[in-house]
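Letter by letter, the chains look like this.
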Amino acid sequence: MSADHDERAAAMIDRWNRVFGSLTAEPRRQMVVALMEAPPDRELSLPEAANPPYLLRDPEELYVDLVHSHLPALAEHGFVEWECEPLRVRRGPAFEEVAAVFEALDAHADEIPQQLTESCQRLGEQQRGCES
C-alpha cells in the first residue's frame with residue numbers, strides 16, 4: 001500500500017469517527033433530522049428543533065446544553081452553523097455527512113431491532129410502511 005492510500009484511509013476513518021461522535025446525543029440527532037425535514041436553506045428555532053416530542057426536556061436546560069455542548073460539537077466539523085440571538089441552526093457545509101446516516105437508517109428501518117425504534121416516530125413510521 002502506498003503512503004497516499006494510507007493517508008486517504010486514515011482521513012476517511014477520521015470522518016466516520018467525527019460523524020458518529022457528533023451524533024452521540026439525542027438533541028444532536030433531533031436537530032439533524034429536523035434539518036433534513038426542512039428545506040435546505042431554512043434556519044430552525046432552538047431549542048424547539050432539538051426537543052423531541054417523545055422526550056420533552058425543560059427548554060431552559062436544553063438551551064444551555066445546546067449552546068455549551070451540542071451545537072459546538074456539530075459545528076466543529078461543519079455539520080451545522082448556528083447563531084445565538086435568537087438561537088437558530090441551519091445546515092453546514094458538511095451536513096450531508098451526518099444526513100447520510102439517517103438516510104441509510106430510513107432505507108433499512110425494517111431491519112432495525114424494535115427496541116431501537118419503538119419510541120422513534122420517524123423510524124417507527126418507516127417500519128410500519130415496510131410491513132404494509
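Residues numbered from 1 in each chain as written. Predicted model: local features only at pLDDT ≥ 70, side-chain atom pairs only at ≥ 80, totals over all residues. Heavy atoms only, no water.

Side note on the packing of helix α1 (residues 3-22) against helix α4 (residues 95-107)
Next up, step 1: Where α1 meets α4, the closest approach of the two axes is 10 Å, and the angle between their N-to-C directions is 70°. Looking at the two axes, α1 sits roughly perpendicular to α4. Here the hand of the crossing between α1 and α4 comes out right-handed. Contact with α1, carried on its side by R15, W16, V19 and F20, involves E97, V98 and V101 of α4 and no other residues of that element.
Next up, step 2: Classifying every residue of the contact of α1 with α4 by side-chain character gives five nonpolar, no polar and two charged. (Axes fitted to C-alpha atoms, helices over the stretch in contact; angles between N-to-C directions. Helix = DSSP H or I, 4+ residues; strand = E, 2+ residues; numbered from the N terminus. Parallel < 35°, antiparallel > 145°, perpendicular 65-115°, else oblique. Left-handed = near helix turned anticlockwise from the far one by under 90°. Contact = heavy atoms within 4.5 Å. Nonpolar A, V, L, I, M, F, W, Y, C, P; charged D, E, K, R; others polar.)

Some words on the packing of helix α2 (residues 26-37) against α4
The geometry of a pair of packed helices is captured by two quantities: the angle between their axes and the separation between those axes.
Next up, step 1: The interhelical angle for the contact between α2 and α4, taken along N-to-C directions, is 95°, at an axis separation of 10 Å. Taken together, α2 and α4 sit at an angle that is classed as roughly perpendicular. On α4, the residues that touch R29, V32, V33, L35 and M36 of α2 are F95, V98, A99, F102 and E103.
Next up, step 2: When its residues are assigned to classes, the contact of α2 with α4 shows eight nonpolar, no polar and two charged.

Quick look at a nonpolar patch on the surface
Next up, step 1: A surface patch of nonpolar side chains, amounting to about 420 Å² of accessible area, comprises M12, I13, W16 and F20.
Next up, step 2: Residue M12 is classed as partly exposed on the basis of its relative accessible area, which comes to 43%. (Patch = residues over 30% accessible without salt bridge, like charges linked within 9 Å, V, L, I, M, F, W, Y side chains within 5 Å. Areas by Shrake-Rupley, 256 points an atom, 1.4 Å probe, with all protein chains shown as cover. Salt bridge = Lys/Arg side-chain N within 4 Å of Asp/Glu carboxyl O. Buried < 20%, exposed > 50% of the residue type's maximum accessible area, 1.4 Å probe, protein only.)

Comments concerning the sheet that holds strand β3 (residues 88-91)
Next up, step 1: Across the sheet, three strands lie side by side as β1-β3-β2; this open sheet has antiparallel pairing. Edge strands, defined here as strands with exactly one partner in the open sheet, are β1 (44-45) and β2 (80-83).
Next up, step 2: As judged from the four bridges shared by β2 and β3, these two strands associate in the antiparallel manner. By the bridge assignment, E81 is partnered in β3 with R90.
Next up, step 3: Contacts from α2 reach β1, β2 and β3 within the one sheet, and its direction differs from that of β3 by about 65°. (Pairing = 2+ DSSP bridges.)

Considering helix α3 (residues 59-75)
Next up, step 1: For α3, built from 17 residues, the straight-helix expectation of 24 Å at 1.5 Å per residue is missed by more than 12%, its first-to-last C-alpha distance being only 21 Å.
Next up, step 2: L66 marks where α3 bends most, by close to 55°.
Next up, step 3: Residue D58 occupies the N-cap position of α3, its side-chain oxygen lying 3.1 Å from the main-chain nitrogen of E60. (Expected span 1.5 Å × (residues − 1). Bend = angle between axes of the 7 residues up to and from the residue. Polar contact = N/O pair within 3.5 Å; in protein donor to acceptor, adjacent residues only side chain to side chain.)

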